[in-house]
Amino acid sequence: MVNIGNLSTEELSNVLEKTKDTLKSFLKKNEKEFLKKDVSVILNELLAEKGLSLKKVIKKSNLNPNYAYQIFNGQKSKPSRDKLIAICIGMNLTIRETQKVLKQCKVSPLYVRFKRDAIIMHCIKNNKDVISLNLELESNNQKLL
């Protein structure tokens, strides 16, 4: 998974709380701990790390190819949460990996107490593709990806 440092969020929070450094010093010392801002960098690093083909991921994500390529080349810097979930499914990511991508891309992670998110999580856990996931969402009267 894309490396964002060695500290957990709780540990980094504790470091911030206990720091006697200036803010500038804290930020500099902990630079490697902060999330990347560019969605395309996050997704492309993940592609490379997992040895995945962009063309295959886009096909498996069931997204419009032109739109998906724009996400990966940085032209669409703020794709929707649903588009990111579709890409994560196209990459065959686990729930944990998907959660990490969503957080890094500054969108809400999946929350099991929301019915729609629980369905998405179940489908990810069971390696369902986007079409199967959408069928599950539809049969449960939930918004499709």
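Parameters at a glance
Residues numbered from 1 in each chain as written. Predicted model: local features only at pLDDT ≥ 70, side-chain atom pairs only at ≥ 80, totals over all residues. Heavy atoms only, no water. Axes fitted to C-alpha atoms, helices over the stretch in contact; angles between N-to-C directions. Helix = DSSP H or I, 4+ residues; strand = E, 2+ residues; numbered from the N terminus. Parallel < 35°, antiparallel > 145°, perpendicular 65-115°, else oblique. Left-handed = near helix turned anticlockwise from the far one by under 90°. Contact = heavy atoms within 4.5 Å. Salt bridge = Lys/Arg side-chain N within 4 Å of Asp/Glu carboxyl O. Buried < 20%, exposed > 50% of the residue type's maximum accessible area, 1.4 Å probe, protein only. Core = buried A, V, L, I, M, F, W, Y, C linked by side-chain atoms within 4.5 Å. Nonpolar A, V, L, I, M, F, W, Y, C, P; charged D, E, K, R; others polar.

### A few points about the packing of helix α4 (residues 54–61) against helix α6 (residues 81–90)
Geometrically, a packed helix pair is captured by the angle between its two axes and the distance between the axes.
And step 1. Running from amino to carboxyl end, α4 crosses α6 at an angle of 120°, the nearest separation of the two axes being 7 Å. On the basis of the axis angle, α4 is oblique to α6. In this structure, the crossing between α4 and α6 has a hand that is right-handed. Counting all contacts with α4, which are made through V57, K60 and S61, the residues of α6 involved are A86, I87 and G90.

### Focus on the pattern of salt bridges
And step 1. If you walk through the whole model with that rule in mind, you get five salt bridges.
And step 2. E97 serves as the salt-bridge partner of K50, at 2.8 Å between the closest nitrogen and oxygen. Here K50 is found in helix α3 (residues 39–50), whereas its partner E97 is found in helix α7 (residues 95–104), with 47 residues between them in sequence.
And step 3. Assessed through its relative accessible area of 16%, E97 is described here as buried.
And step 4. The residue R116 makes a salt bridge to D82 at a minimum N-O spacing of 2.9 Å. You can see R116 sitting in helix α8 (residues 115–125) and its partner D82 sitting in helix α6, a full 34 residues away along the chain.
And step 5. For D82, a relative accessible area of 9% translates into the label buried.

### Remarks on the nonpolar core
And step 1. Ranked by size, the top nonpolar core spans 32 residues in total, and within it L43, F72, I87 and M91 carry the most contacts.
And step 2. For this core, the elements supplying multiple residues, two or more each, are α3, α4, α5 (65–72), α6, α7, α8 and α9 (130–139).

### Some remarks on the packing of α4 against α5
And step 1. Running from amino to carboxyl end, α4 crosses α5 at an angle of 125°, the nearest separation of the two axes being 10 Å. Relative to α5, the element α4 lies oblique. Crossing geometry of α4 relative to α5 is assigned as right-handed. Of the residues in α5, those touching α4 at L54, K55, V57 and I58 are P65, A68, Y69 and F72.
And step 2. Looking at the contact of α4 with α5, its residues break down into seven nonpolar, no polar and one charged.

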